[in-house]
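Coordinates in review
What follows is the residue order along each chain.
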Amino acid sequence: MKGTTSYRGISKIYFHYLLSQIISIASLNSRDVSILDFGCGTNELKKKIGKKVIGFDIVKELSDVLDWRVLDFKVVVANHVFYSLSKDELESFLKELGSRREKIELVVGMSRQGVLNNLGKNILGRKDAHVATKISPRIEVKILLKFCKLIKKRNVLFLSDIYWLELN
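Residues numbered from 1 in each chain as written. Predicted model: local features only at pLDDT ≥ 70, side-chain atom pairs only at ≥ 80, totals over all residues. Heavy atoms only, no water.

1. Side note on the overall build of the protein chain
Assigned secondary structure in the protein chain consists of five helices and six strands. In sequence order, the secondary structure elements of the protein chain are arranged as α-β-α-β-β-α-β-α-α-β-β. Burial analysis of the protein chain (168 residues in total) assigns 44% to the buried set. Of the contacts made within the protein chain by residues no fewer than 6 positions apart, 65% connect residues no fewer than 24 positions apart. Taken as a whole, the protein chain presents about 9,300 Å² of accessible surface, with 55% of it coming from carbon and sulfur. (Helix = DSSP H or I, 4+ residues; strand = E, 2+ residues; numbered from the N terminus. Buried < 20%, exposed > 50% of the residue type's maximum accessible area, 1.4 Å probe, protein only. Contact = heavy atoms within 4.5 Å. Areas by Shrake-Rupley, 256 points an atom, 1.4 Å probe, with all protein chains shown as cover.)

2. Quick word on helix H5 (residues 137–147)
Restricting attention to buried positions, one finds in H5 the residues Pro 137, Glu 140, Val 141, Ile 143, Leu 144 and Phe 147. Axial view of H5: buried residues confined to an arc of 165°, hence all on one face. In H5, the exposed positions that point more than 90 degrees away from the buried face belong to Arg 138, Lys 142 and Lys 146. For H5, the elements touching its buried residues are helix H3 (87–98), strand S4 (105–111), strand S5 (148–156) and strand S6 (160–167). (Arc of directions from axis to C-beta.)

3. Things to note about the sheet that holds S5
Taken in spatial order, the six strands line up as S2-S1-S3-S4-S6-S5 in an open sheet, and their pairing is mixed. Of all strands in the sheet, those with a lone pairing partner are strand S2 (53–56) and S5, marking the two edges. In this sheet, adjacent strand axes meet at a mean angle of 20° when their direction is disregarded. Summarising the sheet, strand S1 (residues 35–38) and strand S3 (residues 75–79) pair through three bridges and their orientation is parallel. Bridging across to S3, Ile 35 finds its partner in Val 75. (Pairing = 2+ DSSP bridges. Axes fitted to C-alpha atoms, helices over the stretch in contact; angles between N-to-C directions.)

4. Focus on the environment of Gly 98
Secondary-structure assignment places Gly 98 in helix H3. Overall, the relative accessible area of 37% leaves Gly 98 in the partly exposed class. It is 6.8 Å that separates the C-alpha atoms of Gly 98 and Asn 168, two residues lying 70 residues apart in sequence.

That is the geometry; function is a separate question.
In structure tokens form, the structure reads like this:
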């Protein structure tokens, strides 16, 4: 499908493990909350935990809805998405989420984009990984912590970090 990343082999195993860690850190399987999967891609999160997940992606064919703003949700999952936003775009998104009536939680999966990631890109033939990066992981974290309170952080195989946050 146009605009999607297809995972195979080790990449697929890692991606599904990362999703299981995202689900685990915020107990998304056992909580009765509506979840916006922001940057849902091929809806793997929905396939794992069901219809409480509503997918939104810039590729319209992948989205369950055209405008995420009209939805009611308690949790936003953004797995390896925010790096493709500029500093201003991420801040604007977080301000918009923060203006909602209900407190919103974020579960953010973020590549470290470090030495191990670069080695893996070359070994797995995914040299184009992270080419859309507009902000570094360090800046992304700084912005998230400016707008959110950290609930919990988890490292995943020294390749990614997962942040469970609540908007201020």
